[in-house]
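Residues per chain are reported as follows:
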Amino acid sequence: MSFRHLDHWAEVPSLVTRLAPPARLLAMVAVALGAALLPMGAWPQMAALLVLVLAFAATARIPAPAFAARLAGPLFLVLLASCAVLVLAPGEPLWALGPIRVTDTGLVRFGSVVGRATPALGAAVVLVSTLRFPELLEALRKLRLPSAVTTALGLSYRLLYTLADEIERLRRAARSRNAGHGAAGRRRTAMGIAAASLVRSYARSERVHRAMLARGYSGALPQLHAQPMDVRSVVVLLAVSAIVLLVVSSAWL
Amino acid sequence: MAALIEVRGLAYRYPDGAQGVRDVDFGVRAGERVAVLGPNGSGKSTLLLHLNGLLLPTDGEVRVADLPVSEETAPAVRRKVGFVFQEPDDQLFLPTVLEDVAFGPLNAGLSAPEAEARARVELRELGLEGQAERAAHHLSGGERRLASLATVLVSEPEILVLDEPTAALDARARRLVVDLLRDRTETLVVATHDLEVALALCPRALVLDGGRLVADLATADLLRDPDLLERHGLSAPLA
């Protein structure tokens, strides 16, 4: 499995990738928070936030198809989770299929959920696409997320791939002995593999911890490429926050 | 000359009650190269973990450079003893090789630019400069082993402790690792099943069996004693 597949655009030089990771994280959180605070039916404001996110994506030189592909997965889940709103909300029926009726209020609520989710998820896509995972961790650390959380995230990211390889080896070993005939057999094999990987992961975590201690680990993962919070990052962060504030307040006033 | 590593009456019992090692006594002088040999489960890894303070004796004492190994002295001991684990994936836990190699120097208090510079020099010396930005699982078995060695050598320890450094390597990678270790000047303690590697690297051998030290002799003499080898689950190289 490619380790770098998530970090491709983090290597592309751009105004966005030159910003300090905490500034990028906070700016994207501001956009997501702003989107969440918009009232229902604030279409121009939702569009404005989406334009802001798209401008960031374009500045970061993320190709439109790649951006859309990364956005599609989480957005599909949002659509799936919120489509019930279409028929559950009371209001004037617009369209009916037997007992199922789509109401005008339902349509506005559904549109608002999607309209808020799109810039918020887009901001998350820009963030994870332009930030290497260690930088994201460093940003979270700078923002005072507990060290236990950031350390656990960092190790999980690295060891996820080792675990994936280990599971693949176990699956291959099972297949080589013709394991898993029929649905019940496949379930049993899958459970066996899951149990074995769990035990192995535990043993590996012990060994990794020893290897960390052996090299002077004392509770915090030091960061090699700590990018300082420079003036430009602060200015961009303030500008984004101001735009978001303006957009949100224009929707409520 | 006083011993750089002194192990006296060492015993260790695992929390599940299994006896790892017992009554182990030996010393290693500065610059000496010692192989720790024995069959699976003989206590080699358990013994090695004590040299870095990763396990603390249930009984007896381990001293490294005159420091008694304990919870309090463990950080100081670990600055002197570089430990290379059997499985490189356990040792390479950060997103890139460069970050992994810089991990020790950063923990020792070096600034990020200093640590990065040292890590890059070490990677260059081991022929891994092109792999610095890659993830460990993208490396071949031999490269991974070299990278795990780099993570330790970069901190310039006085003592190198290696657990099965040639396990699961092909002939070329095994030769590379042996040549690299042969040229080092640090005190070397190597646990291995591979008697050829032991002979190539270490003039002295400790044989463990059932957690006890059963022989402490010249590696060449051990290889000339088929009975001793046979008794303790070892066998001379086939050719």
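In this text the structure is predicted, and so the values were computed from the model without any measurement.

(A) Representation of the overall build of chain B in the model. The helix and strand tally for chain B stands at 10 helices and 10 strands. Computed over the C-alpha atoms, the radius of gyration of chain B is 18 Å, within 12% of the 18 Å expected from 2.2 N^0.38 for a compact globule of 239 residues. Considering only contacts within chain B whose residues lie at least 6 apart along the sequence, 63% involve residues at least 24 apart.

(B) Local environment of the overall build of chain A. Regarding its fold elements, chain A presents 9 helices and 2 strands. For chain A, the α and β elements follow one another from N to C terminus as α-α-α-α-β-β-α-α-α-α-α. Taken over C-alpha atoms, the radius of gyration comes to 23 Å for chain A, far larger than the 18 Å a tight globule of 253 residues would show. With the C-alpha coordinates aligned to their principal axes, the bounding extent of chain A is approximately 60 × 60 × 30 Å. Taking the contacts inside chain A whose residues are at least 6 apart along the sequence as the reference set, 76% of them involve residues at least 24 apart.

(C) Seen up close, the nonpolar core. Core analysis: the biggest nonpolar cluster contains 78 residues, and A35, V36, A150, V161, V189 and V190 of chain B have the highest contact counts within it. Those residues in contact with V189 of chain B, other than ones at most four positions away along the chain, are V28, V34, V36, L48, L51, I159 and V161 of chain B. In terms of nonpolar packing, the next biggest core, distinct from the first, is built from 42 residues, L25, M28, A35 and I62 of chain A among them.

(D) Seen up close, the domain arrangement of chain A. Residues and elements named next belong to chain A. Domains assigned within chain A are domain 1 (8-141 + 228-252) and domain 2 (146-214). A separation of 34 Å is found between the C-alpha centroids of domain 1 and domain 2. The interface is formed by 4 residues belonging to domain 1 together with 4 residues belonging to domain 2. Along the lines of polarity and charge, the residues of the side of domain 1 that touches domain 2 split into 3 nonpolar, no polar and 1 charged.

(E) Molecular detail of the interface of chain B and chain A. The interface is formed by 28 residues belonging to chain B together with 25 residues belonging to chain A. If you list the elements that add at least two residues to the side of chain B that touches chain A, you get α2 (74-80), α3 (88-91), α4 (97-107) and α5 (112-125) of chain B. A total of 7 residues in the side of chain B that touches chain A trace back to one element, the largest contributor, which is α4 of chain B. For the side of chain B that touches chain A, a count of residues per class yields 15 nonpolar, 7 polar and 6 charged.

(F) Spatial organisation of the sheet that holds strand β9 (residues 204-209) of chain B. Residue and element names in this part refer to chain B. Taking strand neighbours across the sheet as the criterion, the 6 strands line up as β6-β7-β8-β3-β9-β10 in an open arrangement whose pairing is mixed. Each edge of the open sheet carries a strand with a single partner, namely β6 (81-84) and β10 (212-218). Across this sheet, the average inter-strand angle for adjacent strands is 15 degrees, counted without regard to direction. Relative to strand β8 (residues 187-192), strand β3 (residues 33-37) runs parallel, the two sharing 5 bridges. Pairing of R33 across the sheet is with L188, part of β8. Against the sheet, helix α6 (residues 141-153) makes contact with β6 and β7 (159-163), and its axis sits at roughly 165 degrees relative to β6, the strand it touches most.

(G) Quick look at the environment of W9 of chain A. Residues and elements named next belong to chain A. Summarising the element assignment, W9 is placed in the segment before α1 (15-18). The exposure class of W9 is buried, given the 22 C-beta atoms found within 10 Å. The spatial distance from the C-alpha of W9 to the C-alpha of R177 is 42 Å, given a sequence separation of 168 residues. Residues contacting W9, with those up to four places away along its chain left out, are A60, R61, I62, S129 and T130.

(H) Focus on helix α9 (residues 231-252) of chain A. Residue and element names in this part refer to chain A. Look at α9: 32 Å from first C-alpha to last across 22 residues, which is about the 32 Å you get at 1.5 Å a residue. Turning to α9, its buried residues number three or more, namely S233, V236, L237, V240, V244, V247 and V248. Across the axial projection of α9, the buried residues extend over an arc of 100 degrees, all falling on one side. Exposed residues pointing more than 90 degrees away from the buried face of α9 are listed as V231, V235, A239, A242 and S249. On its buried side, α9 packs onto α2 (21-37) and α3 (43-59).

(I) Quick look at the packing of α6 of chain B against helix α7 (residues 171-182) of chain B. All names here are of chain B. Two elements in contact, α6 and α7, have axes separated by 9 Å at closest approach and are oriented at 20 degrees. One finds that α6 runs roughly parallel with respect to α7. The crossing of α6 and α7 is right-handed. Packed against α6, whose contacting residues are G141, G142, R145 and L149, the element α7 presents R172, A173, L176, V177 and L180 at the interface. Across the contact of α6 with α7, the residue classes tally to 5 nonpolar, 2 polar and 2 charged.

(J) Representation of the sheet that holds strand β1 (residues 3-13) of chain B in the model. The 4 strands are arranged β2-β1-β4-β5 (chain B) in an open sheet whose pairing can be described as antiparallel. The open sheet terminates on both sides in strands that have one partner only, identified here as β2 (19-29) and β5 (67-68) of chain B.

(K) Here's a closer look at α7 of chain B. Residue and element names in this part refer to chain B. Between its first and last C-alpha atoms α7 spans 16 Å; for 12 residues at 1.5 Å apiece the expected length is 16 Å, and the two agree. By the burial criterion, the buried members of α7 are R174, V177 and L181. Looking down the long axis of α7, one finds its buried residues gathered within 65 degrees of arc, a one-sided arrangement. Every exposed residue of α7 that faces more than 90 degrees away from the buried side is listed here: A171, R172, D179 and R182.

(L) Just the packing of α3 of chain A against helix α5 (residues 104-130) of chain A, in detail. Residue and element names in this part refer to chain A. Viewed as axis vectors pointing N to C, α3 and α5 meet at an angle of 15 degrees, and their least axial separation amounts to 9 Å. Between α3 and α5, the angle falls in the class roughly parallel. For the crossing formed where α3 meets α5, the hand is left-handed. Packed against α3, whose contacting residues are W43, M46, L49, L50, V53, F56 and A57, the element α5 presents G115, R116, T118, P119, G122, A123 and V126 at the interface. Residue composition of the contact of α3 with α5, by class: 10 nonpolar, 3 polar and 1 charged.

Conventions we followed
- Here the residue numbers are simple positions, counted from 1 along each chain's written sequence.
- The lettering of chains begins at A and the numbering of ligands begins at 1, in the order of writing.
- For a predicted model such as this one, the threshold for reporting local features is a pLDDT of at least 70, and the threshold for listing and counting side-chain atom pairs is 80 or more; totals across whole chains, interfaces and linings nevertheless cover every residue.
- Only runs of H or I of at least four residues qualify as helices and only runs of E of at least two qualify as strands under DSSP, and these elements are numbered from the N terminus.
- Computation of the radius of gyration draws on C-alpha atoms, with the globule rule given as 2.2 Å multiplied by the number of residues to the power 0.38.
- Here, residue contact means that the backbone-derived C-beta atoms of the two residues sit within 7 Å.
- Under the definition applied here, buried Ala, Val, Leu, Ile, Met, Phe, Trp, Tyr and Cys residues are grouped into a nonpolar core through C-beta atoms within 7 Å.
- Counting other C-beta atoms within 10 Å of its own, a residue is labelled buried from 20 upward, exposed at 12 or fewer, and partly exposed in the gap between, with every C-beta atom placed from the backbone.
- Where each domain begins and ends follows an automated or database-derived domain assignment.
- In the scheme used here, Gly and all other residues not listed as nonpolar or charged are polar, with Ala, Val, Leu, Ile, Met, Phe, Trp, Tyr, Cys and Pro taken as nonpolar and Asp, Glu, Lys and Arg as charged.
- The criterion for strand pairing is that DSSP finds at least two bridges linking the strands in question.
- Only C-alpha atoms enter the line fits that serve as axes; for helices the fit covers just the stretch in contact. Angles between N-to-C directions range over 0 to 180 degrees.
- Here the expected length of a helix is defined as 1.5 Å per residue gap, with one fewer gap than residues.
- Taking the helix axis as origin, the arc is that swept by the directions to the C-beta atoms.
- Should an angle fall under 35 degrees it is taken as roughly parallel, and over 145 as roughly antiparallel, whereas 65 to 115 is taken as roughly perpendicular and any remaining angle as oblique.
- Should the near helix be turned counterclockwise from the far one by less than a right angle, the crossing is left-handed, whereas a clockwise turn marks it as right-handed.

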